[in-house]
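Observations on the model geometry
The residues making up each chain are set out below.
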Amino acid sequence: MSAGRGAGGSAGAGRHDGGTMSPPGATGPAGGRLADNIAYFARTLRAAGLPVGPGAVLDAVEAACAAGLGEREDFYWTLHAVFVTKREQHLVFDQAFRLFWRTRQLDERLIAMMSPTVPARPNPERPPLRRIEEALFAGIGERRAETAPPPRIEVDARLTVSADEVLRAKDFAQMSAAEIAEARRRIAALALPREWVRTRRLRPDPRGARLDLRASLRASLRVGGDLVALKRRGPAERLAPLVLLIDISGSMADYSRLMLHFAHALTEARRNVETFLFGTRLTRVTRALARRDPDEALETAGATARDWSGGTRIATSLAAFNRQWSRRVLGQGARVLLVSDGLERPAGEGPSLGFEMDRLHRSAARLIWLNPLLRYEGFEARAQGVKAMLPHVDDFRPIHNLASMEALVRALSGEGRDG
Amino acid sequence: MAQAVPHSIETTQALLAGQGYVADRALATVVFLALRMGRPLFLEGEAGVGKTEIAKVLAAGLGRRLIRLQCYEGLDLASAVYEWNYAAQMIAIRAAEASGTVDRERLVEDVFAERYLIRRPLLEALEPDAAGAPVLLIDELDRTDAAFEAFLLEVLSDFQVTIPELGTVRAPHRPIVLVTSNRTREVHDALKRRCLYHWVDYPDAARELAILRARLPGVPAKLSREVVAFVQAIRREDLFKAPGVAETLDWASALVELDAAALDPAVVGDTLGVLLKYQDDIARTDAGKVAALVKEARHAARAAG
């Protein structure tokens, strides 16, 4: 059981001691104040990050009228049914509800307006979430991302190859600020991977294997029913979903920034990309990277992950991914790109790296490990983490410069095409 | 006989309880609102927590017809909404040709008539029913693709379907729609916005015991308490897939079949496969852990009983 589930359960259970009030079903008229207060409450939820549109407010008023204002708990679940559309939102809603209707004591007054008696009730309180407090009382606090460490500046003096060749072959870690900017432009201009997978949905296809009776019949009726021109259908194709797991620990600092640019370019080009960052813990940044502007996207992603350039706990992060996310994002034949140097601290307590890699490998259609250390010709899998991970990957490639990134894109686009 | 929809949260809860479904207040509230507001109900939760069962129970309790659409990848119009009976149409065309009266307009009209239409679940749910609007269960929506979701969005907002050859079919009364998802992928927000949302969680010990008693009255009281306490304890373990209520019920009946009057580590070890469905989870729950969990469950059961 995850901690979130436990917290949600106890929050739900906490409502049961709400005591009894007047008999429910007292369907009061939709007083203007009720609607106003629900609208204010919706605004609070919106500020706390829940996607609450004006339609939901109307629905909530309608629902509140339908349910009648009986008990506080019923009012709670009525608004819950309308405003919450994801499980993760439960906790935010729970705290916002208690804080909002508590501070204003609106629920009591509303219920008092509709019912003859209002009993007193003890309230066990929990410390509210910071984001709710901010949404209610202060406005949302600005959190700024730590910027990546400044790149080392080095002069490349080779004159025999063109500047373009130099840039393509240059290690990301060795690039100057200007070169990084150029690399970013190149990444944005990459012809991104378009790996098609066959779906079970059918579409018209003159060389398809199956007969399309419906289209055949319609075509034949169009000419009077004498001539039957057989129409055919074949499987449609769509892009395979991509899941990126990017190591942002200290040893990967020179690469993770550009990998994020790569992730952003991928997210821009196609919809089904999920991105996760991990150092000591796992953070999902898919939403942040969906912003169009790359700088804004990276800054938001950076602010979301709190463990930049720290230690690495690959096994723990993968375990978190396997438990919380694999079943949700690895459906439909997803390809997983794991970007990490595999330098795991010696295993102590906690999950085993080999076990988690095995689990990940078996849940993903294809697992590709991208390791910047592979650029060294004499790279040997000597580190303990690398040894544990290597047996469980389908492909193992370097990712230290633009040329290797282009090679990856090629590998993802055509050659590895499967049916 | 069809019954009217319940008029309060209590009666909703009683209606579900009358069919052996033990719902908590939160679930009863959303079910009531869905019935009252005529909104689809979107139920999400782990496998085996009784999402599908709600639809069945609701249909039985209200005396309505249950129409089930099981989703899968590649689900298309022909298997979800309607299909023409091509073989019969072809024969009709041949017959018309044989009789020598081939009038193109007439032929099209004859061939695309209702008697050649094969109705699939979504269309069936929109047709009038003597027992009142049916319960439409759209099961495991996460298994299908975004294209079908978009189509469903249209159906669920207007409750009508257009068949080009026949015209528009509009539901006289909105069916009671329940959509379930195991969350193997995120369903689009636009669809969720049209529905009332509820996350169906694992039940707490008291409710799980009530469910067990309602569904399997033959299980001895002591064993039921221990089974529930054990399942509650094992859900707190670090498992890849925690057992759902369905597994609890299966396990309890398995233990009854084995004539177990109370839990003991040996029986639990032998029947662990009923409860845990992943080899990793079974391997992790070794004899020592089973013994510890059984001990904990006995203790909890004594405290509860």
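**What to know about the pairing of strand 6 (residues 160–163) of chain B**
Residue and element names in this part refer to chain B. Sheet topology places strand 6 next to strand 7 (residues 167–170); four bridges connect them, and they run antiparallel. Residue Val161 lies in a different strand from strand 7, and its bridge partner there is Val169. From the end of strand 6 to the start of strand 7, which pair antiparallel, there are three residues.

**Some words on the sheet that holds strand 9 (residues 196–200) of chain B**
All names here are of chain B. With respect to topology, five strands assemble into an open sheet ordered 2-5-8-1-9, the strand pairing being parallel. Since the sheet does not close on itself, it has two edges, and those belong to strand 2 (66–70) and strand 9, each with one partner. With direction set aside, neighbouring strand axes in the sheet form an average angle of 20°. Across five bridges, strand 1 (residues 41–45) lies against strand 9 in parallel orientation. Bridging from a neighbouring strand, Glu44 pairs with Trp199 of strand 9.

**Focus: the domain arrangement of chain B**
Residue and element names in this part refer to chain B. What the domain assignment lists for chain B is domain 1 (9–73 + 120–200), domain 2 (82–114) and domain 3 (205–304). Between the C-alpha centres of domain 1 and domain 3 the distance comes to 32 Å. Contact with domain 1, which involves eight residues of that partner, is made by nine residues of domain 3. By residue class, the composition of the side of domain 1 that touches domain 3 is three nonpolar, three polar and two charged.

**Section: helix 11 (residues 221–235) of chain B**
Residues and elements named next belong to chain B. Its 15 residues place the ends of helix 11 21 Å apart at the C-alpha level, agreeing with the 21 Å of an ideal helix rising 1.5 Å per residue. What helix 11 keeps buried is the set Ser224, Arg225, Glu226, Val227, Val228, Ala229, Phe230, Val231, Gln232 and Ile234. Lining the buried residues of helix 11 we find helix 10 (205–215), helix 12 (245–257), helix 14 (272–275) and helix 16 (287–304).

**Some remarks on the interface of chain B and chain A**
Of the residues lining the interface, 43 residues belong to chain B; the matching set on chain A comes to 38 residues. Secondary structure elements with two or more residues in the side of chain B that touches chain A: helix 2 (25–37), helix 5 (86–98), helix 6 (104–111), helix 9 (189–193) and strand 9 of chain B. Per element, the largest residue contribution to the side of chain B that touches chain A is eight residues, and it comes from helix 2 of chain B. A breakdown of the residues in the side of chain B that touches chain A according to their chemical character gives 19 nonpolar, six polar and 18 charged.

**A look at the sheet that holds strand 8 (residues 366–370) of chain A**
Residue and element names in this part refer to chain A. Taken together, six strands build an open sheet; the order of strands is 6-5-4-7-8-9 and the sheet is mixed. The strands lining the two open edges of the sheet, one partner per strand, are strand 6 (282–284) and strand 9 (395–397). Each neighbouring strand pair of the sheet contributes to a mean axis angle of 20°, computed without reference to strand direction. By the bridge criterion, five bridges tie strand 4 (residues 242–247) to strand 7 (residues 335–339) in an arrangement that is parallel. Pairing of Leu245 across the sheet is with Leu338, part of strand 7.

**Some words on the nonpolar core**
Ala60 and Phe83 of chain A together with Val30, Leu41 and Leu196 of chain B are the most contacted members of the largest nonpolar core, which totals 116 residues. Among the elements that line this core, the one with the most residues is helix 2 of chain B, at nine residues. Non-local contacts of Leu41 of chain B, meaning those with residues more than four positions away in its chain, are made with Val30, Val31, Ala34, Val177, Leu178, Cys195, Leu196 and His198 of chain B. Counting residues in each nonpolar core, the second largest holds 59 residues, with Ala240, Leu242, Val273 and Leu337 of chain A among its members.

**Section: helix 13 (residues 294–304) of chain A**
Residue and element names in this part refer to chain A. Within helix 13, burial applies to Ala297, Leu298, Ala301 and Gly302. End-on, the buried residues of helix 13 take up no more than an arc of 130°, which puts them together on one face. Opposite its buried face, helix 13 presents the exposed residues Asp295 and Glu296, each directed more than 90 degrees away. Here the buried face of helix 13 lies against helix 11 (253–269) and helix 12 (286–289).

**Some points on the packing of helix 10 of chain B against helix 12 of chain B**
Packed helices, taken two at a time, are described by the angle between their axes plus the distance between the axes. Residues and elements named next belong to chain B. Running from N to C, helix 10 and helix 12 cross one another at 50°; their axes reach a closest spacing of 11 Å. Relative to helix 12, the element helix 10 lies oblique. The interaxial crossing formed by helix 10 with helix 12 has right-handed handedness. Residues Glu208, Ile211, Leu212 and Arg215 of helix 10 pack against Val245, Thr248, Leu249 and Ala252 of helix 12.

**Concerning unusual backbone geometry**
All names here are of chain B. Here the phi dihedral of Glu140 falls at roughly 55°; this positive angle occurs in a residue that is not glycine. Within the secondary structure, Glu140 sits in the loop between strand 5 (135–139) and helix 8 (146–158). Its identity is not glycine, yet Phe159 carries a phi of approximately 50°, on the positive side. Locating Phe159 in the fold gives a position in the loop between helix 8 and strand 6.

**Some details on the pairing of strand 8 of chain A**
Residues and elements named next belong to chain A. Counting buried residues in strand 8 gives four out of five residues, a clear majority hidden from the surface. As judged from the five bridges shared by strand 7 and strand 8, these two strands associate in the parallel manner. Paired with Arg335 across the strands is Arg366, a residue of strand 8. Pairing of strand 8 with strand 9 involves three bridges; the strand directions are parallel. Bridging from a neighbouring strand, Ile368 pairs with Asp395 of strand 9.

**Points about the packing of helix 11 of chain B against helix 12 of chain B**
All names here are of chain B. Two numbers describe how helix 11 lies on helix 12: the axes approach to 11 Å, and their chain directions differ by 140°. Between helix 11 and helix 12, the interaxial angle falls into the category oblique. In this structure, the crossing between helix 11 and helix 12 has a hand that is right-handed. Contacts between helix 11 and helix 12 involve Leu223, Ser224, Val227, Val228 and Val231 on the former and, on the latter, Thr248, Trp251, Ala252 and Leu255. Grouping the constituent residues of the contact of helix 11 with helix 12 by class yields seven nonpolar, two polar and no charged.

What counts and what doesn't
- Residues numbered from 1 in each chain as written.
- Chains lettered and ligands numbered in written order.
- Predicted model: local features only at pLDDT ≥ 70, side-chain atom pairs only at ≥ 80, totals over all residues.
- Pairing = 2+ DSSP bridges.
- Helix = DSSP H or I, 4+ residues; strand = E, 2+ residues; numbered from the N terminus.
- Axes fitted to C-alpha atoms, helices over the stretch in contact; angles between N-to-C directions.
- Domains from an automatic or database assignment.
- Contact = placed C-beta atoms within 7 Å.
- Nonpolar A, V, L, I, M, F, W, Y, C, P; charged D, E, K, R; others polar.
- Expected span 1.5 Å × (residues − 1).
- Buried ≥ 20, exposed ≤ 12 C-beta atoms within 10 Å, placed from the backbone.
- Core = buried A, V, L, I, M, F, W, Y, C linked by C-beta atoms within 7 Å.
- Arc of directions from axis to C-beta.
- Parallel < 35°, antiparallel > 145°, perpendicular 65-115°, else oblique.
- Left-handed = near helix turned anticlockwise from the far one by under 90°.

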